[in-house]
Every structure is written in C-alpha cells, then in structure tokens.
Amino acid sequence: MPELPEVEHYRQTLLPLVCCRHKERQSNNNEQQNVQLEFPPPLPTKRFPSEETIRLINNGNYVIADVLRKGKVLCLVLEKNRNSRSIKAQHDDDHDVTTNQTNHDNDSITGNETIVLLSMHMGMTGRISSPKHIPKLESLDECSYPPPHTHLIIKSDTEEVCFSDPRRFGSVFVHGYNDNNGNKPIDEACIPSFQELAPDALQATGQKASTDIHDGIVAKLSNQRKGIKAILLDQREVISGIGNWVADEVLYRSSIHPDQSFLTVSEAISLVNEIHFVLSTAVQCLNDGQEFPDSWLFHRRWRGAGGKKFKDFNGKSITFVKSGGRSSAIVPSIQKKIARKMISVDSETTEEAQSKKKKKKKTVAKQQSSVKRRRA
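No experiment lies behind these values; they were computed from the predicted model shown.

Description of unusual backbone geometry
Cis peptide bonds are those with omega within 30 degrees of zero, and the linkage from Y145 to P146 qualifies with -10 degrees. Position of P146 relative to the elements: it lies in the loop between β6 (127-129) and β7 (150-156). One non-glycine residue, N61, adopts positive backbone phi at about 60 degrees. Even without being a glycine, H149 presents a positive backbone phi close to 65 degrees. Relative to the elements of secondary structure, H149 occurs in the loop between β6 and β7.

Here you go:
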C-alpha cells in the first residue's frame, strides 16, 4: 500500500498539470487549456466518479490550480478558467450562488461550482504515472503507458497523468465548492477528505511545525495504554500518512517494540524525530530516483515468508509478529517490550522532572553535610 512518501511522490508527478506552471506556453497563447478527464474501458468501480460527473467537469471550463496532500490522500483543486473564451457565455447560464459551501456528496456537482475538488486515495495498489515516469509494482512487470488497470486519465495542456490500480481498492471522489470571496486560498477545512485525518505526519514533525503541534503529538504518543504501532497506523488519532513499512522502520530505528505501551516523553520525542527523518529521507530518495539507505529495515522486511531467517544491516536477526492488526518486522535483540503501568498525571512524570528531583536531593545532602561539618 502506498504510504506518505510514495503519495508525496505522486503529488510531484501531478504538479506539471497545474495551470500556473504553463506560463511559457501561456505567453504565446493567452487561453489556458481546460482539464480533461477520461475513463479508459472497462468502466471503473463505484469508487470513481460517474460518466455524468466527468462530463460536467470536462464541459465546466476548469483548470487545475493546485495539488494538495494530507497523509495518504491527494486532492486536485480545479477552478473555473477565467481566461476561457466560453466562460462568460457559461456564466450567463449559471445559477446564482450566494453562499460559500462544500458539497460533501460524491457525484452531486452541477458543473457551475467555482471550485471542484478531486480527492484521490491510492488504496492497496494505486499509483500515479506519467509518460515520463511509471512507478513499478512487484505484481506487474509491464512498464508501458498508460499502465494496465488504468481507470482515470487526466490531461492539462500538453501534460498527462493517469491513475492505475490493479486491485481496485483506490478511489476518486468529487466535491463541489463555491467561493464568492474572490481568490480565497483552499485549505484543508474546505476539503471533506482531509477533515477526518489527523495532522500530516511529515509537516507536523518538521522544524516548521509550531511548538504547540509538536508538543501535542509528543503528548499523544506518550503514556498511552494502546500499543504504539496501533496508534501510528490510526490515520485519525495522532498523525496521518504512516503505514506498515514506515511504522516498522521508525520503531526499529527508535529501538521500540511495536506493542510497547506507556512510552516515556523522551521515547516519544525520539520517535517523532525518527518519523520526520524517515519520511523526509524517503521522499527525497523517491524524487531523486534513488534507493532508500542500505541500513534501513525496509530492504529486508519483505523477505520473511516461507520460514526463512533474515538479518538486519548489523547482522541481528529479524522476526515477524502481529501488531496493530498487521504483520510487523522487528529485531528482538534491540526492540524489547517492557512491562509498564500508566504514569499518574498528577505526579512529576517526565525523566527531566525525575532528574531535577535527584539534583535537588544531592544539593540538600551537600548542604546538610556542610552544616554538620561546621557544627563539628
């Protein structure tokens, strides 16, 4: 299943479709090219827009204004093409719209909305390809364009990408949005498919994240009864975008067992740092067309079938356990589950506080010793 790094790479593949990136072509032709969507046969499942919805978008004079991502979900922002010669004629026939609102029902747009949101979820085997770049799938050797099992082709100007999905668990949902406040930026509050997700794992753990967001994530990861991997896999609980292989990688690098509960604050801080490192490194590697670092568990976690024994980069044995409902690769010698109880919220619980207590005791002991010597 594509996780945050792969989906962010797909977002990069989609970016050439954005109309503002066609400035050189537009200098010679003032009319921007409207987006066109196509369904190659056979018709996709109900998880995709209907033919009528596709027709409304294709005839609605829309251009792709942006490509956004939160967690493992992508969103293409389509807005009315203000430079189109036919846009004025269409507006004369449009219904008046007086409020800003998002239509939350798939396949219920009219084609008159000022903005249409195309939300995409990759499912188990979904991928975004372009004629220049076709991501590989282990289940498919063919690398032609469009790839087999392509369900949607998106065209903008001379650029083209497609959404293919062999196992057909992926989905594309359409939401209409009316903005009468001018060119108001689209944020996640306007995107129904983003609203139910926890903060994005890459953005929320980076240096640009506010202290409140960072501390909030640390607080939600520490001192929890639930196993840490189950928390990481829940896209709505703390952060979104982490799947099975990323969770195994960050826990391996943090030397934490996937079923470990009641993490300390220092463990949670270390885990947040590892999450950002793994995600940012993976995204960079995919964008550069490079393999992930050799030391990563990623290269060895896929080979545990058939009773075979494998070792990590340092020669330590890898085993597989069930955690968070998923098969999990761990190195038992460094990822040990520690029996713990919930730490009282009312007591000074952090290691920093405990360290301060020890220092205070030492200071008091020195003062008392000094007093005794003076009295003697």
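Quick notes on the packing of aromatic side chains
A full pass over the atoms with the stated rule returns six aromatic pairs. Aromatic side chains W245 and W296 sit 6.4 Å apart centroid to centroid with 40 degrees between the ring planes, which places their arrangement in the tilted category. With W245 in helix α9 (residues 244-253) and W296 in the loop between α10 (265-288) and β10 (310-311), the pair connects residues that are 51 residues apart, well separated along the chain. With relative accessibility at 2%, the residue W245 sits in the buried group. In this structure W296 comes out as buried when scored by relative accessible area, which is 1%. Three or more aromatic residues joined by ring pairs make a cluster, and in this case those are W245, F292, W296 and F298. One residue, K80, lies across the ring of Y62, its end atom 4.4 Å from the ring centre.

Looking at helix α1 (residues 4-14)
Counted residue by residue, α1 has ten buried out of eleven residues, so it is predominantly covered. Within α1 the residues assigned to the buried category are L4, P5, E6, V7, E8, H9, Y10, R11, T13 and L14.

Considering the pattern of salt bridges
Per the counting criterion, the structure on display carries 13 salt bridges. The closest approach of N and O atoms between K155 and E38, which form a salt bridge, is 3.1 Å. Taken together, the positions of K155 in strand β7 and E38 in strand β1 (residues 36-38) put the pair 117 residues apart, joining distant regions of the chain. With a relative accessible area of 33%, E38 lands in the partly exposed category. Two residues, E237 and K226, come together in a salt bridge whose shortest N-O distance is 3.0 Å. Of the two residues, E237 is situated in the loop between α8 (228-233) and α9 and K226 in the loop between α7 (211-221) and α8; the sequence distance between them amounts to eleven residues. In this structure K226 comes out as partly exposed when scored by relative accessible area, which is 38%. Through salt bridges with shared partners, a single network forms among E8, R11, R69 and D200.

Some words on the sheet that holds strand β12 (residues 326-330)
With antiparallel pairing, three strands are arranged side by side in an open sheet as β10-β11-β12. Two strands close off the open sheet at either side, each with one partner strand: β10 and β12. As paired elements, strand β11 (residues 317-323) and β12 share five bridges and run antiparallel to each other. Bridge pairing in β12 places S323 opposite R326.

Focus: the sheet that holds β7
Taken together, four strands build an open sheet; the order of strands is β1-β7-β8-β6 and the sheet is antiparallel. Sheet topology places β1 and β6 at the edges, where each strand pairs with a single neighbour. Geometrically, the sheet is characterised by an average inter-axis angle of 20 degrees between neighbouring strands, direction not taken into account. Taken together, the six bridges between β7 and strand β8 (residues 159-164) define a ladder with antiparallel strand orientation. In the strand pairing of β8, I153 is matched with C162. Against the sheet, α1 contacts β6 and β8, and its axis sits at roughly 30 degrees relative to β6.

Quick word on the nonpolar core
Formed by 33 residues in total, the largest nonpolar core has its most connected members in L221, I228, L232, L271 and I275. Examining the composition of this core, we find that nine residues originate from one element, α10, more than from any other.

Things to note about α10
With 24 residues, α10 extends 35 Å between its outermost C-alpha atoms, agreeing within 8% with the 34 Å of an ideal straight helix rising 1.5 Å per residue. Taken as a whole, α10 has its buried residues at E267, A268, L271, V272, E274, I275, V278, L279, T281, A282, V283 and C285. On the buried face of α10, the contacting elements are α1, α6 (201-204), α7, α8 and α9.

Conventions and cut-offs
Residues numbered from 1 in each chain as written. Predicted model: local features only at pLDDT ≥ 70, side-chain atom pairs only at ≥ 80, totals over all residues. Heavy atoms only, no water. Helix = DSSP H or I, 4+ residues; strand = E, 2+ residues; numbered from the N terminus. Phe/Tyr/Trp six-rings, centres within 6.5 Å; stacked < 30°, edge-to-face > 60°. Buried < 20%, exposed > 50% of the residue type's maximum accessible area, 1.4 Å probe, protein only. Lys NZ or Arg CZ within 6 Å of the ring centre and 35° of its normal. Salt bridge = Lys/Arg side-chain N within 4 Å of Asp/Glu carboxyl O. Pairing = 2+ DSSP bridges. Axes fitted to C-alpha atoms, helices over the stretch in contact; angles between N-to-C directions. Contact = heavy atoms within 4.5 Å. Core = buried A, V, L, I, M, F, W, Y, C linked by side-chain atoms within 4.5 Å. Expected span 1.5 Å × (residues − 1).

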